Number of protein chains: 2
Amino acid sequence: MTRWPLPATMTLALEQAREAAESGEVPIGAVVVKDGRVVGRGRNGPRERHDPTSHAEIEAIRAAARFLGNERLEGCELWVTLEPCAMCAGAIAHARIARLYYAASDPKGGAVEHGARVFDHPQCLHRPEVYAGIGEAEAADLLRGFFRQRR
Amino acid sequence: MTRWPLPATMTLALEQAREAAESGEVPIGAVVVKDGRVVGRGRNGPRERHDPTSHAEIEAIRAAARFLGNERLEGCELWVTLEPCAMCAGAIAHARIARLYYAASDPKGGAVEHGARVFDHPQCLHRPEVYAGIGEAEAADLLRGFFRQRR
C-alpha cells in the first residue's frame, strides 16, 4: 500500500510539534502560509515562556502578522496539528485566516467541531473554510507518545 | 444623588481603555490583580502592534504571567471594560483566572453571556467566577464616543 504523502505544510507543522515535545511542551505545531510561502510558524510553549496564550496557532499568527506588517492575514492559510481551542479559534477569526487545516480533532479541548464551536455563532465575524484530518495519525501519535513518556 | 464609586481596579481598566482611544484603537482596557495589587495591565492595540491577538485581556494576562513568572494566574482577578470575546474567554480559562469582572456586555462580539459562551462547555477546563456590569455606563460611553468620532 502506498500512503498518500502529507502536504509539505502539514509536515512543517508536525516538525514544530516535535520541537515543542523536545522542550517538554505538549506537541502541537502550526504554520501560516500565504501564496504557497510560509510567513509564520509556531509551537506550543506556555510553560517555558510563562505565557498561557502561547499555543502553536497564536504564535504562528503573531509571527505572520509581524512579518507581513498587518494584523489581518487575508488570503492566508493556517495549518495546525490539533483542532484549535476557543482561544485559538477566536484568534483565527480575528486574523481573518481564509482556510484552516487541522490534523487531529480534539474532543476534550477543541472548539471548532466540539464544545464552543466558535465559528458557528453570529458573534464570530469571520469564518474560515475548515479542512480536518490531514496528518491525523501522525499528530495523534506525537501526542500519545508525549503523554505516555510523562506518566 | 450620590453615585456609588467604581472600584479602583475598574477605574484603572477604564484608564487603559482611554489610552487605547488616544492611539486610535477601539477603547478597551484591562488589569490583572492579585491580592489587591495590579500585576498586569493591557489595552487593545491590534492595529499599531500588527497583532490580531492584541486585545486588552490578552495583553494584561501576558504581562501578569511574565511578571509572576508563571503561566497560571491562580488566585488572580481580571478586570476588563467589555465582555470578553471567544479568544479572550479562552485565554482567561487557560490562565486559570479566578474571578472575571467586566463592565459593558457585548451582544455583537461577546462570548461569555453571548454567542460561543466559552465557559459553559465541558471543553472549558477552568471556569472563573463572573461579575458583570461594574462601570458599564462609563465603558459604553467611551466606545460610543470613539465610534462617533470615527464616523
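Residue numbers run consecutively from 1 along every chain, following the written order of its sequence. The naming scheme follows written order: chains are lettered A onward, ligands numbered 1 onward. Local features in this predicted model are restricted to residues whose pLDDT is 70 or higher, and side-chain atom pairs enter the listing and the counts only when it is 80 or higher, whereas totals over whole chains, interfaces and linings include all residues. Side-chain numbers here rest on the full set of heavy atoms in the structure, without hydrogens or water.

An unreviewed UniProt entry lists chain A under the name tRNA-specific adenosine deaminase, with Novosphingobium soli given as the organism. UniProt positions are given in the numbering used here, feature names are shortened, and annotations may be inferred rather than shown by experiment. UniProt, in its Sequence similarities (unreviewed entry) section for chain A, records the words "Belongs to the cytidine and deoxycytidylate deaminase family. ADAT2 subfamily." What UniProt records for chain A under Catalytic activity (unreviewed entry) is the sentence "adenosine(34) in tRNA + H2O + H(+) = inosine(34) in tRNA + NH4(+)".

Trainee: Just to check I follow, could you spell out the sheet that holds strand S2 (residues 37-43) of chain A for this structure?
Mentor: Strand pairing in a sheet takes place through backbone hydrogen bonds and is either antiparallel or parallel in direction. Residues and elements named next belong to chain A. Two strands pair if DSSP finds at least two bridges between them. What counts as a helix is a DSSP run of H or I of at least four residues, what counts as a strand is a run of E of at least two, and both are numbered from the N terminus. Judged by pairing direction, the sheet is mixed, and its 5 strands sit side by side in the order S2-S1-S3-S4-S5 without closing on themselves. Unpaired on one side and paired on the other, S2 and strand S5 (129-132) mark the two borders of the sheet. Shown here is a sheet whose adjacent strand axes are inclined to one another by a mean of 15°, direction ignored. Pairing geometry for strand S3 (residues 76-82) and strand S4 (residues 99-104), over 5 bridges, is parallel. When the sheet's bridge partners are listed, Val80 is paired in S4 with Tyr102. In what follows, residue pairs with any heavy atoms lying within 4.5 Å of each other are defined as contacts. Angles here are taken between N-to-C directions and fall from 0 to 180 degrees, while the axes themselves are lines fitted to C-alpha atoms, restricted in helices to the stretch in contact. Sitting on the sheet, helix H1 (residues 8-22) is in contact with strand S1 (29-34), S2, S3 and S4, with an inclination near 145° to S1.

Trainee: How should the interface of chain B and chain A be read in this particular structure?
Mentor: Frequently, the measure chosen for interface size is the accessible area that the parts lose on association. Contacts between chain B and chain A engage 32 residues on the former and 32 residues on the latter. Accessible-area loss on putting two parts together, using a 1.4 Å probe and summing over both, is the definition of buried area adopted here. Summing both sides of the interface, chain B and chain A together bury roughly 2,500 Å²; the carbon and sulfur share of this comes to 63%. Among the residues of chain B in contact with chain A, B:Pro52, B:Glu71 and B:Gln123 are the three that bury the most area, contributing 25% of the side total. Criterion for a salt bridge: a side-chain nitrogen of Lys or Arg within 4 Å of a carboxyl oxygen of Asp or Glu. Where chain B meets chain A, there are 2 salt bridges. With a shortest N-O distance of 2.9 Å, A:Arg62 and B:Asp51 are connected by a salt bridge. Identification of polar contacts relies on pairs of N or O atoms within 3.5 Å, with a donor-acceptor requirement for protein atoms, meaning one able to donate a hydrogen and the other able to accept it, and with residues adjacent in sequence counted only if both atoms are side-chain atoms. Counting across the chain B and chain A interface gives 8 residue pairs in polar contact (both at pLDDT 80 or more). For the side of chain B that touches chain A, the elements supplying multiple residues, two or more each, are helix H2 (46-49), helix H3 (56-68) and helix H4 (86-94) of chain B.

Trainee: Whenever I open this one, the relation of the copies chain B and chain A confuses me. Can you help?
Mentor: Copy one and copy two of the chain differ by a rotation about a common axis and a shift along it. For the least-squares superposition of copies, only C-alpha atoms count, and only for residues with pLDDT at least 70 in both. Note on the identical chains: chain B maps onto chain A by a rotation of 180° and an axial translation of 0.0 Å, with an RMSD of 0.0 Å. Look at the turn and shift together and you get a two-fold axis relating the two. Taking the C-alpha atom as reference, chain B places B:Met87 closest to the rotation axis, 1.8 Å from it. Mapped onto chain A, 100% of the interface residues of chain B again fall at the interface, so both copies present the same surface.

Trainee: Help me understand the UniProt feature "active site" (unreviewed entry) in chain A, please; the structure alone is not making it clear to me.
Mentor: In this numbering, the UniProt entry assigns the feature "active site" (unreviewed entry) to A:Glu57. Excluding its chain neighbours within four sequence positions, the residues that come into contact with A:Glu57 are A:Ala30, A:Leu78, A:Val80, A:Leu82, A:Pro84, A:Cys85 and A:Cys88.

Trainee: Looking at this model, I keep getting lost on the packing of helix H3 (residues 56-68) of chain A against helix H4 (residues 86-94) of chain A. Mind explaining?
Mentor: Angle between the axes and distance between the axes: these two values describe a pair of packed helices. Residue and element names in this part refer to chain A. Put simply, H3 and H4 touch, their axes get as near as 9 Å, and they point 25° apart. Comparing the axis directions of H3 and H4 gives the class roughly parallel. The crossing of H3 and H4 is left-handed. Taking contact as the criterion, the partners of Glu57, Ile58 and Ile61 in H3 are, on H4, Met87, Cys88, Ala91 and Ile92. Here is the rule for angles: anything less than 35 degrees is roughly parallel, anything more than 145 is roughly antiparallel, 65 through 115 is roughly perpendicular, and the remaining ranges are oblique. By convention, the crossing between two helices is left-handed when the near helix turns anticlockwise from the far helix through less than a right angle, and right-handed when the turn is clockwise.

Trainee: Is there a simple way to explain the packing of aromatic side chains in this structure?
Mentor: Each aromatic ring pair is specified by the distance between its two centres and by the angle formed by the two planes. Centre distance within 6.5 Å is the pairing criterion for rings of Phe, Tyr and Trp, where only the six-membered ring of Trp is used; planes under 30 degrees apart are then read as stacked, over 60 as edge-to-face, and the remainder as tilted. Under the counting rule described, the total for this entry stands at 6 aromatic pairs over all chains. Relative to A:Tyr131, the ring of A:Tyr101 has its centre 5.0 Å away and its plane inclined at 15°; by these criteria the two rings are stacked. Here A:Tyr131 lies in strand S5 and A:Tyr101 lies in strand S4, a separation of 30 residues in the sequence. Among the residues examined, A:Tyr101 registers a relative accessible area of 12% and is labelled buried. Three exposure classes are used, based on accessible area relative to the maximum for each residue type with a 1.4 Å probe and protein chains only: buried under 20%, partly exposed in between, and exposed over 50%. Look at A:Tyr131 and you get partly exposed, because its relative accessible area is 35%. Residues B:Phe146 and B:Phe147 carry aromatic rings whose centres are separated by 5.3 Å and whose planes lie at 85° to one another, so their mutual orientation is edge-to-face. Exposure remark for B:Phe147: the relative accessible area of 39% places this residue in the partly exposed category.

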